[in-house]
Amino acid sequence: MAFVTSEQMLLKADKEGYAVGAFNVENMEMVMAVIKACEELSAPAILQTTPSTVKYAGLDMYLANVAEAAKKASVPIALHLDHGDSFELAMQALRTGYTSIMIDGSKLPFEENIALSKAVADACRPSGIPVEAELGKVGGKEDDMNCDDPGYTDPADAKRFVEETGISSLAVAIGTAHGIYKGEPKLDFDRLSEIRKVVNIPLVLHGASGVPDESVRECIRRGISKVNFATELRIAYSDGIKSFLKDNPDAFDPKKYCKVGMDKVTELVKNKIKVCGSNGKA
Ligand SMILES: [Zn+2]
């Protein structure tokens, strides 16, 4: 169908009360597996890569892979830079052809986060590429990111942040964490509703791997329009391959064992699409 930006996707989700699933991919197999799930459920989707993923194979490799797969797909697909950690990387992603960019200045002091997020939003605007930024700190560990000191998003700060930066979507910290949870996460739903009242751009939930489905649905009811899933996809892909190789220790053809990992990813992504309510929304 089309390789698109995330902008219209998220505005439509925001208006109609569902969320677009944003799925972290690491390789060609995961790209194919995610898109297959989206096609089977007629769901729009965002595929995304973190800086450490970009380091693994390069922005241009992911762009070529996802753009080609998106052209052939029956649903709209965007490619997003997840947790862009510098102005330079954000610009490289923009020049490479990513159709959605996150700049994560959430570890910086408030004013510096505003300045960095605004600079990226200003630079991306002429090309029509939407920018996501983050305010408050999502805790936990993912790739090279590590946050031992999570901080919730303050609604009044969020309002000012959005007005001054001109970003297209805002990632909020309401108690989710990256990586694997030790206990059940306690989410601050009321805080999310307060943010929603004063911020009129799409809101993004990070760290949704391991959050109970019902809690993710409650976040969507209260105004989340993009939900990120990373850790669970990596686990599904690896578990599929591990179990196949355990049963078939002599297997040596990647086409055989990767297929099992892909099937696990497709199954997981279909479940997440249903939690997000984006099935049938392509
Ligand atoms: Zn994240």
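Residues numbered from 1 in each chain as written. Predicted model: local features only at pLDDT ≥ 70, side-chain atom pairs only at ≥ 80, totals over all residues. Heavy atoms only, no water.

**Focus: the pairing of strand E5 (residues 100-103)**
Stated precisely, the cut-off is as follows: Relative accessible area decides the class of each residue, using a 1.4 Å probe on protein chains only: under 20% of the type maximum gives buried, over 50% gives exposed, and in between gives partly exposed. In this text, helices come from DSSP runs of H or I with a minimum length of four residues, and strands from runs of E with a minimum of two, each type numbered from the N-terminal end. The crossover handedness rule: strands pointing away from the viewer, path from first strand over the helix to second strand clockwise, crossover right-handed.
In E5, alternate side chains face the same way, and those of Ser100 and Met102 on one face and Ile101 and Ile103 on the other are all buried. As a crossover connection, the stretch from strand E4 (residues 76-84) through helix H5 (residues 87-96) into E5 is right-handed. Handedness of the β-α-β unit built from E5, helix H6 (residues 110-124) and strand E6 (residues 131-135) comes out right-handed.

**Digging into the coordination of the zinc ion**
The cut-off we apply is this: Only nitrogen, oxygen and sulfur atoms qualify as donors, and only when within 2.8 Å of the metal (3.2 Å in the case of Na, K and Ca); with water excluded, sites may look incomplete.
Summarising the metal site, the zinc ion is bound by the protein donors His83 (NE2), His178 (NE2) and His206 (ND1), whose distances to it range over 2.0 to 2.1 Å. Linear spacing of the donor residues for the zinc ion on their chain is H-x94-H-x27-H. Of this pair, histidine 83 sits in strand E4 while histidine 178 sits in strand E10 (residues 177-178); the two residues are 95 residues apart in sequence, bridging distant segments of the chain. For the pair histidine 83 and histidine 178, one class covers both residues: buried.

**Some points on unusual backbone geometry**
A positive phi angle is found at serine 42, which is not glycine, with a value near 50 degrees. Look at histidine 83: it is not a glycine, yet its phi comes out positive at around 55 degrees. Judged by its relative accessible area of 2%, histidine 83 falls in the buried class.

**Brief notes about helix H11 (residues 254-276)**
The cut-off we apply is this: Here the expected length of a helix is defined as 1.5 Å per residue gap, with one fewer gap than residues. In this description, contact between two residues means that some pair of their heavy atoms is separated by no more than 4.5 Å. By the criterion applied in these results, polar contacts are pairs of N or O atoms within 3.5 Å in which, for protein atoms, one can donate a hydrogen and the other can accept it, and in which residues neighboring in sequence qualify only through two side-chain atoms.
Here H11 contains 23 residues, and its C-alpha end-to-end distance of 32 Å stays within 8% of the 33 Å for a straight helix at 1.5 Å per residue. Buried residues in H11 make contact with strand E2 (20-24), helix H2 (28-41), helix H9 (213-221), strand E12 (224-229) and helix H10 (231-247). Where H11 begins, the side chain of aspartate 253 points an oxygen toward the backbone nitrogen of lysine 255, at a separation of 2.8 Å.

**Considering the packing of H2 against helix H4 (residues 59-72)**
Here is the rule: Fitted lines through C-alpha atoms give the axes, limited to the stretch in contact for helices. The angle between two N-to-C directions lies from 0 to 180 degrees. Our angle categories are set so that under 35 degrees counts as roughly parallel, over 145 as roughly antiparallel, 65 to 115 as roughly perpendicular, and the remainder as oblique. In this scheme the crossing of two helices becomes right-handed for a clockwise turn of the near helix relative to the far one and left-handed for an anticlockwise turn of less than a right angle. Gly is placed with the polar residues, together with every amino acid not listed as nonpolar (Ala, Val, Leu, Ile, Met, Phe, Trp, Tyr, Cys and Pro) or charged (Asp, Glu, Lys and Arg).
Running from N to C, H2 and H4 cross one another at 25 degrees; their axes reach a closest spacing of 10 Å. One finds that H2 runs roughly parallel with respect to H4. Judged by the sense of rotation from one axis to the other, the crossing of H2 with H4 is right-handed. Note on element contacts: H4 touches H2 through Asn65, Val66, Ala69, Ala70 and Lys72, opposite Met28, Val31, Ile35 and Glu39. Partitioned by chemical class, the residues of the contact of H2 with H4 number six nonpolar, one polar and two charged.

**Some thoughts on the side chain of threonine 231**
Position of threonine 231 relative to the elements: it lies in helix H10. A residue is classified by how much of its surface remains accessible, and threonine 231, at 13% relative accessible area, is buried. If sequence neighbours within four positions are ignored, threonine 231 has contacts with Gly179, Ile180 and Ser209.

**With respect to the sheet that holds strand E7 (residues 139-142)**
Cut-off, in case you're wondering: Two strands qualify as a pair provided that DSSP identifies no fewer than 2 bridges between them.
Read across the open sheet, the three strands follow the order E8-E7-E10; overall the sheet is mixed. Edge positions in the sheet fall to strand E8 (145-147) and E10, since each of these pairs with one other strand and no more. In this structure, E7 lies alongside E10, joined through two bridges in parallel fashion. Across the sheet, residue glycine 140 finds its bridge partner in E10, namely histidine 178.

**Examining the pattern of salt bridges**
Quick note on the threshold: Salt bridges are defined as contacts in which a side-chain nitrogen from Lys or Arg sits within 4 Å of a carboxyl oxygen from Asp or Glu.
Using the criterion set out here, one finds 25 salt bridges in the structure. Notably, a salt bridge pairs glutamate 16 with lysine 281, separated by 3.4 Å at the nearest N-O pair. Residue glutamate 16 is located in helix H1 (residues 6-16), and its partner lysine 281 is located in the segment after H11; the two are separated by 265 residues in the primary sequence. Lysine 281 sits in the partly exposed class, given a relative accessible area of 27%. Glutamate 40 is the salt-bridge partner of lysine 270, the closest N and O atoms lying 2.5 Å from each other. In this pair, lysine 270 is assigned in helix H11 and glutamate 40 in helix H2, connecting sequence segments 230 residues apart. Owing to a relative accessible area of 23%, lysine 270 belongs among the partly exposed residues under this scheme. When salt bridges with common partners are traced through the structure, they connect Asp190, Glu214, Arg217, Glu218, Arg221 and Arg222 into a single cluster.

In short, shape yes, function no, at least from these values alone.
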